[in-house]
Amino acid sequence: MKKLIAVLALGAMAATSYGDININWRALGGFYKNGQFGVDPAGAILFGGGTTIAQLIWTPFNGGSPTIDAVNVGNPNYVSGDDVFLDSITLTNPGIGIYADYANGPETYLNSTYGQTLQGGYVYLRIFQDNTPTGGEYYFNGNPLLANAYTGSESPQTLEGNTDNVNGNQLNQLIVPEPSVLAFLGAGALVVAIRRMRKA
Ligand SMILES: [Ca+2]
């Protein structure tokens, strides 16, 4: 019995020493709507009200070439490919937040929660144009950061959501509707075309 307990204890130690991660994530430069970079303050997202989503996302190491996958509005967390959603905050616009800058953490993310060995993968930040991302809207991805293992005593890593911390960033990635939505739109166009042919 003693032997079994010792083995179990060793197993627990191995699990905790294997790379959970501890991240301070923020974007202090703010964000603009697509095509409105530098239009202050009216071009800032959330200007005039509303809420939006800022996310922390993980993607595997893949030999040192992390792939940031596109937004999929059909996924509950809007991720696709091998990207894993870790966390999000909802940003509101109380007046001073018109550029939608934000700060969150430090937060510890556990391998056991996400079913991934998080350390050694990359984390990056994504912010949307509004709280209900749909096809035709825009978002922005920050630069990926290699995640370090956290065993309880290290300082948190800081992940910046802006690539330009002085001027902020413009939301420049278009949300492309999924094939099923495109097929629906295509069917609609076909019906219109047939009706026009019949009228002609
Ligand atoms: Ca990926």
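Everything numeric here is computed off the predicted structure, so don't read it as measured data.

Just checking my understanding: could you explain the overall build of the protein for this structure?
Per the secondary structure count, the protein includes 3 helices and 11 strands. Beginning at the N terminus, the succession of helices and strands in the protein can be written as α-β-β-β-β-β-α-β-β-β-β-β-β-α. Restricting the contact set of the protein to residue pairs at least 6 apart, pairs at least 24 apart contribute 75%.

Help me out: how do you make sense of the sheet that holds strand 1 (residues 21-27) in this one?
Backbone hydrogen bonds are what pair the strands of a sheet, in a parallel or an antiparallel way. Strands sit in the order 5-1-9 across an open sheet of 3 strands; the sheet is mixed. Of all strands in the sheet, those with a lone pairing partner are strand 5 (102-109) and strand 9 (157-160), marking the two edges. Neighbouring strand axes in the sheet, compared pairwise and without regard to direction, differ in orientation by 20° on average. The sheet contact formed by strand 1 and strand 9 spans 4 bridges and is parallel. Looking at strand 9, one finds that I23 is bridged to Q157.

Whenever I open this one, the nonpolar core confuses me. Can you help?
Considering soluble globular proteins, one finds that nonpolar side chains tend to be buried as a cluster. Counting 36 residues, the largest nonpolar core has F31, A100, V123, L125 and I127 as the members making the most contacts within it. Of all the elements in the fold, those that place two or more residues in this core are strand 1, strand 2 (31-32), strand 3 (51-59), strand 4 (84-92), strand 5, strand 6 (122-128) and strand 7 (138-141). The greatest single-element share of this core, amounting to 6 residues, is contributed by strand 6. In contact with F31, other than residues within four places in its own chain, are A44, I45, Y99, A100, I127, F140, G168, N169 and L171.

Mind showing me how you'd approach the environment of L171 here?
Note on placement: L171 falls in the loop between strand 10 (169-170) and strand 11 (173-174). Residue classification places L171 among the buried positions, given that 23 C-beta atoms sit within 10 Å. Expressed as a C-alpha distance, the spacing of L171 and E137, which sit 34 residues apart in the sequence, is 9.3 Å. With residues up to four places along the chain from it excluded, the contact list for L171 reads F31, Y32, K33, N34, I45, Q129, Y138, Y139 and F140.

Explain the confidence of the model for the protein here, please?
Detailed reading of predicted coordinates is not advised where the pLDDT is low. Scored by pLDDT, the protein has a mean of 87; 80% of the residues are at 70 or more. Confidence drops under pLDDT 50 across residues 6-17; counting only partners more than four residues distant or on other chains, this segment forms 2 contacts.

What am I meant to see in the environment of V73 here?
You can see V73 is positioned in the loop between strand 3 and strand 4. We classify V73 as partly exposed; it has 17 C-beta atoms within 10 Å. Considering only alpha carbons, one finds V73 and V176, 103 residues apart in sequence, at a separation of 8.8 Å. Ignoring anything within four residues of it in the chain, the contact list for V73 reads Y78, P133, T134, G135 and I175.

Looking at this model, I keep getting lost on the pairing of strand 3. Mind explaining?
Side-chain positions along a regular strand alternate between the two faces of the sheet. Of all the 9 residues making up strand 3, 7 are buried; the element is thus mostly covered by neighbouring parts of the structure. As paired strands, strand 3 and strand 4 are joined by 8 bridges and run antiparallel to one another. Among the inter-strand pairings, T51 is bridged to a residue of strand 4, identified as T92. Direction of pairing for strand 3 relative to strand 6: antiparallel, over a ladder of 6 bridges. Bridge pairing links Q55 to R126 in strand 6.

Help me understand unusual backbone geometry in this model?
Among all residues save glycine, negative phi is the norm, and among peptide bonds the norm is trans. In this chain, D40 is followed by P41 through a cis amide linkage whose omega measures -15°. Structurally, P41 is set in the loop between strand 2 and strand 3. In this structure, P106 follows G105 across a cis peptide bond, with omega equal to 5°. Mapped onto the elements, P106 comes out in strand 5.

The rules we used
- Residues numbered from 1 in each chain as written.
- Predicted model: local features only at pLDDT ≥ 70, side-chain atom pairs only at ≥ 80, totals over all residues.
- Helix = DSSP H or I, 4+ residues; strand = E, 2+ residues; numbered from the N terminus.
- Contact = placed C-beta atoms within 7 Å.
- Pairing = 2+ DSSP bridges.
- Axes fitted to C-alpha atoms, helices over the stretch in contact; angles between N-to-C directions.
- Core = buried A, V, L, I, M, F, W, Y, C linked by C-beta atoms within 7 Å.
- Buried ≥ 20, exposed ≤ 12 C-beta atoms within 10 Å, placed from the backbone.
- pLDDT = per-residue confidence, 0-100.

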